Amino acid sequence: MVQNSTCTTTASVSGPEAQLIERIRSVFLGNEQINRYCESVQVSVENTAIILNGNLPTADLKQQLIPAIRQAGILWQVCNLVRVSG
């Protein structure tokens, strides 16, 4: 089962996956550097993995995504498929 949400829209899914996506979105929104690019990152949950897709302008921003997720206490596998378009 795949459940998607962009950082700025409300997830239309329910259950633990939706809560997980909401926690990740909250962390991204609370991060001063990631916040302004939040619309460019899509978060989805597939089985037991968090999938990140989208585009960011720098590799530094891409590298901040997983530590931000870990900061929220989420220890799931993360597949960071975000592309750098700089």
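All values derive from a computational prediction rather than experimental measurement.

Peer 1: Describe helix H1 (residues 16-30), with residues and values.
Peer 2: Counted at 1.5 Å a residue, the expected span for H1 with its 15 residues is 21 Å, and the 21 Å between its end C-alpha atoms agrees. Looking at H1, one finds that the buried residues are Ala18, Leu20, Ile21, Ile24, Arg25, Val27 and Phe28.

Peer 1: An account of the packing of H1 against helix H3 (residues 59-71) is needed here, citing residue identities and associated values.
Peer 2: Taken N-terminus to C-terminus, the directions of H1 and H3 make an angle of 120°; their axes are 9 Å apart at the nearest point. Between H1 and H3, the crossing angle belongs to the class labelled oblique. Considering only the axes of H1 and H3, their crossing is right-handed. Seen from H1, the contacting residues are Ile24, Val27 and Phe28; seen from H3, they are Leu65, Ala68 and Ile69. In terms of residue class, the contact of H1 with H3 is built from six nonpolar, no polar and no charged.

Peer 1: Go over the nonpolar core, please, and point to the residues and values.
Peer 2: Counting residues in each nonpolar core, the largest one holds 20 residues, and the members touching the most others are Ile24, Phe28, Val43, Ile50, Leu52, Leu65 and Ile69. Elements with a minimum of two residues in this core: H1, strand E2 (41-46), strand E3 (49-56) and H3. Per-element tally for this core: the top contributor is H1, with five residues. Sequence-distant contacts of Ile24, that is, excluding residues within four places in its chain, are made with Val43, Ile50, Ile69 and Ile74.

Peer 1: Describe the environment of Val43, with residues and values.
Peer 2: One can find Val43 in strand E2. Under the relative-accessibility criterion, Val43 is labelled buried at 1%. Along the chain, Val43 and Leu20 lie 23 residues apart, while their C-alpha atoms are 9.8 Å from each other.

Calculation notes
- Residues numbered from 1 in each chain as written.
- Predicted model: local features only at pLDDT ≥ 70, side-chain atom pairs only at ≥ 80, totals over all residues.
- Heavy atoms only, no water.
- Helix = DSSP H or I, 4+ residues; strand = E, 2+ residues; numbered from the N terminus.
- Expected span 1.5 Å × (residues − 1).
- Buried < 20%, exposed > 50% of the residue type's maximum accessible area, 1.4 Å probe, protein only.
- Axes fitted to C-alpha atoms, helices over the stretch in contact; angles between N-to-C directions.
- Parallel < 35°, antiparallel > 145°, perpendicular 65-115°, else oblique.
- Left-handed = near helix turned anticlockwise from the far one by under 90°.
- Contact = heavy atoms within 4.5 Å.
- Nonpolar A, V, L, I, M, F, W, Y, C, P; charged D, E, K, R; others polar.
- Core = buried A, V, L, I, M, F, W, Y, C linked by side-chain atoms within 4.5 Å.

Read these as geometric descriptors, not functional statements.
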